[in-house]
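For reference, the chains in residue letters:
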Amino acid sequence: MAIEAGPAGHRPSPPVPELDPSVVARWSAGGGQLVELLAEVCGRLGGVGAFRLGEGPGSGPGSGSTGRPTVLVTDPGAIQHVLALHPQRYVKRSHRARLLVGEGVLSATGEAWKRQRRLLQSQFTGTGMRRYEQRIAEAARITAGRWSAYARTGEVFDVGEEMRRFALDTIWRSLTGHPLDVDTERELGSVAAVVAALPTLPADSADAGEAVAGDLARIDAVAHHAIAAARGGSAGPDGPGLLHMLVEASAERPEYTDRLIRDELVTLLVAGHETTATTLTWLYLLLDRRPEARERALSAGGEGSAERREAIQALVSETLRLYPSAWILPRHAVEDDVLAGYAVEAGTDVIVCPYLAHRDPALWPDPGRFDPLRFTAPGGRPAVPGGYVPFGIGPRACLGLQFALRESTVLLEHLLPAHVPVFGSVPDKAAYGITVRPDGPTPATLAARAARAARGR
């Protein structure tokens, strides 16, 4: 790596330390997951380390290999540097979900992204959030009603599917003003199907599109129907939704064609329900192992109290520590930089990994343990910037952070006091794709909370 000399009297910064190519070769030969390789880099090299893919054991600096290494970032100071302090040096080039979300705000870059972000930002501030409160509450009440029916009948249901159904209803109401109907729910099942397929699709975009063409066509049909209804003035029983704002914006912003509105709609559908559903599913699986955390949250205060709400939010926050919504955040260095004392050349790919940062024992004692008290007890979580970033940080942090936390808390306020899922089986591993999700079904029946608590004593 070519390093320019610094100011007089200063030595040039050293290159980022690299993982031994033999370790990468063993990982590749064993068919390991990306997270396993990243954990090796972090464990052997610390919070800023590098690795090279596609090269054999004699490659590396000085060996004549070509190309640059990929730099992994898990150190909180370096995370802050890349994402918050110098985002203009480390840019987002593309997104794995572009096939699905097109040019929506999740995958847009440059000036287009700035315009789209500004337009949507106001919808997710404190003032903007108030218009969604009733919609979130109604979706939670309907979910609670289904769970009461499951409890009466003893019906087996899938917790993950229930969480997805709730989150999809919530975001659909917020986008269109309409509750989620059966036909729309069925067709939008294609969103989850494409998200799950993304990590395994062919690298060629045409081949990838062909592989999920049917699902994309169903998503497009739902989106264009909703856009046409919004253009026709159909506000829905809950009033106008975010989609109506996008349609109105097109009158003054010619870039908001039906195609871009479709992309923003699908982006908000994906970001607004897939991550929330996954977080809530993980939360119930964690509570199955640590039921005392549920009881502690509910005993923090009475129904509707600020104390109980804070304790429930801590359940969500701790779940997001273990399984952050954005488990990796790829960036691309567009200029030379010095990161944590190491030289990073322009053109280097960088991976910020909140998943590993949140499991650093130097920041989070006993990091594998589910302990919501980290978020309520004084000094329970690290105060260092970059130490807890489940939704990213900086200008490209998740727009819907407050929305996601609010809907999760409201649903749990409805469900936790009454029912406890009794799982018939639980997934034994995680799947690392766009999100980190349980790799398997989550069948359960419901027990009354009082009865389950009595059996647990």
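Here, every reference points to the structure presented above.
Residues numbered from 1 in each chain as written. Predicted model: local features only at pLDDT ≥ 70, side-chain atom pairs only at ≥ 80, totals over all residues. Heavy atoms only, no water.

Participant: Would you take a moment to explain the sheet that holds strand E12 (residues 443–448) for this structure?
Facilitator: Remark on secondary structure: sheet strands pair via backbone hydrogen bonds, oriented parallel or antiparallel. The strand order E4-E12-E9 describes an open sheet built from three strands, whose pairing is antiparallel. Two strands lie at the open edges of the sheet, namely strand E4 (157–158) and strand E9 (419–423), each paired on one side alone. Here E9 runs beside E12; their pairing, made up of five bridges, is antiparallel. Bridge assignment links Pro421 to a residue of E12, and that residue is Leu446. (Pairing = 2+ DSSP bridges. Helix = DSSP H or I, 4+ residues; strand = E, 2+ residues; numbered from the N terminus.)

Participant: What's the story with the packing of aromatic side chains in this structure? I'm lost.
Facilitator: Centre distance and the angle of the planes are the two values used to describe a pair of aromatic rings. If you walk through the whole model with that rule in mind, you get 13 aromatic pairs. A centroid spacing of 3.7 Å and a plane angle of 0° characterise the contact between Trp282 and Tyr323, whose relative ring orientation is stacked. One end of the pair, Trp282, is in helix H14 (residues 258–289); the other, Tyr323, is in the loop between helix H16 (306–322) and strand E5 (329–333), with 41 residues separating them in the sequence. Taken individually, Trp282 and Tyr323 each receive the classification buried, so the pair is uniform in this respect. Chaining the aromatic ring pairs together yields one cluster made of Trp147, Tyr150, Phe157 and Tyr284. The residue whose ring lies beneath Arg359 is Tyr323, and the NZ or CZ to ring-centre distance is 5.4 Å. (Phe/Tyr/Trp six-rings, centres within 6.5 Å; stacked < 30°, edge-to-face > 60°. Buried < 20%, exposed > 50% of the residue type's maximum accessible area, 1.4 Å probe, protein only. Lys NZ or Arg CZ within 6 Å of the ring centre and 35° of its normal.)

Participant: Can you walk me through the side chain of His332 in this structure?
Facilitator: Residue position: His332 is located in strand E5. Judged by its relative accessible area of 12%, His332 is buried. Engagement of the side chain of His332 in a polar contact is seen with the side chain of Asp349, the distance being 2.8 Å. Setting aside residues no more than four positions away along its own chain, His332 makes contact with Arg89, Tyr90, Val91, Arg93, Gly347, Thr348 and Asp349. (Polar contact = N/O pair within 3.5 Å; in protein donor to acceptor, adjacent residues only side chain to side chain. Contact = heavy atoms within 4.5 Å.)

Participant: Would you take a moment to explain unusual backbone geometry for this structure?
Facilitator: Trans peptide bonds make up the majority, and among non-glycine residues the majority have a negative phi. With a phi angle near 55°, Ala340 is a residue other than glycine that sits in the positive phi range. Topologically, Ala340 is positioned in the loop between strand E6 (337–339) and strand E7 (342–344). For Asp366, which is not glycine, the phi dihedral falls at a positive 50°. Mapped onto the fold, Asp366 is located in the loop between helix H17 (354–357) and helix H18 (401–415).

Participant: What exactly am I supposed to notice about the packing of helix H8 (residues 159–176) against H18 here?
Facilitator: If you want to describe how two helices pack, look at the angle between their axes and the distance between the axes. One can describe the packing of H8 onto H18 by two numbers: an axis separation of 11 Å at closest approach and a directional angle of 125°. Classified by the angle their axes make, H8 and H18 are oblique. When the axes of H8 and H18 are compared, the crossing they make is right-handed. Of H18, the residues touching H8 (which contributes Met163, Phe166, Ala167, Thr170, Ile171 and Ser174) are Phe403, Glu407, Leu411 and Leu415. Its residues assigned to classes, the contact of H8 with H18 shows seven nonpolar, two polar and one charged. (Axes fitted to C-alpha atoms, helices over the stretch in contact; angles between N-to-C directions. Parallel < 35°, antiparallel > 145°, perpendicular 65-115°, else oblique. Left-handed = near helix turned anticlockwise from the far one by under 90°. Nonpolar A, V, L, I, M, F, W, Y, C, P; charged D, E, K, R; others polar.)

Participant: Looking at this structure, how should I read helix H1 (residues 21–29)?
Facilitator: Each turn of an α-helix holds 3.6 residues, which means side chains three or four residues apart point in the same direction. Taken together, the buried positions of H1 are occupied by Val23, Val24 and Trp27. Angular distribution of buried residues about the axis of H1 spans 100°; they occupy a single face of the element. For H1, exposure combined with an orientation more than 90 degrees from the buried face picks out Arg26 and Ala29. Check the buried side of H1 and you find it contacts helix H2 (34–45) and strand E1 (48–51). Just past H1, the residue Gly31 takes up positive phi, approximately 65°. (Arc of directions from axis to C-beta.)

Participant: Quick question: what am I supposed to make of the pattern of salt bridges here?
Facilitator: It is possible for side chains bearing opposite charge to pair when their charged atoms get close. Within this structure, the stated rule accounts for 31 salt bridges. Here Arg44 makes a salt bridge to Glu40, at a shortest N to O gap of 2.7 Å. Linking Arg44 with Glu40, this pair stays in helix H2, spanning four residues, or about one helical turn. Put simply, Arg146 and Glu162 hold a salt bridge, and the shortest N to O gap is 3.2 Å. Taken as a pair, Arg146 in helix H7 (residues 133–153) and Glu162 in helix H8 lie far apart in primary sequence, 16 residues in all. Judged by relative accessible area, which is 16%, Arg146 ranks as buried. The exposure class assigned to Glu162 is buried, which follows from its relative accessible area of 4%. A cluster of three or more residues bridged by salt bridges with shared partners is formed by Arg146, Glu162, Arg165 and Glu185. (Salt bridge = Lys/Arg side-chain N within 4 Å of Asp/Glu carboxyl O.)

Participant: Explain the sheet that holds strand E3 (residues 90–91) to me, please; I cannot follow it from the model alone.
Facilitator: Spatial strand order, E1-E2-E8-E5-E3: five strands in an open sheet with mixed pairing. Looking at which strands have only one partner, the edges of the open sheet turn out to be E1 and E3. Bridge count for strand E2 (residues 70–73) against strand E8 (residues 349–352) is three bridges, and the pairing is parallel. Each bridged residue has a counterpart across the sheet, and for Val73 the counterpart in E8 is Val352.

Participant: Which parts of the structure should I look at to understand the pairing of E8?
Facilitator: A regular strand carries its side chains on alternate faces of the sheet. As judged from the four bridges shared by E5 and E8, these two strands associate in the antiparallel manner. Looking across to E8, one finds that His332 is bridged to Asp349.

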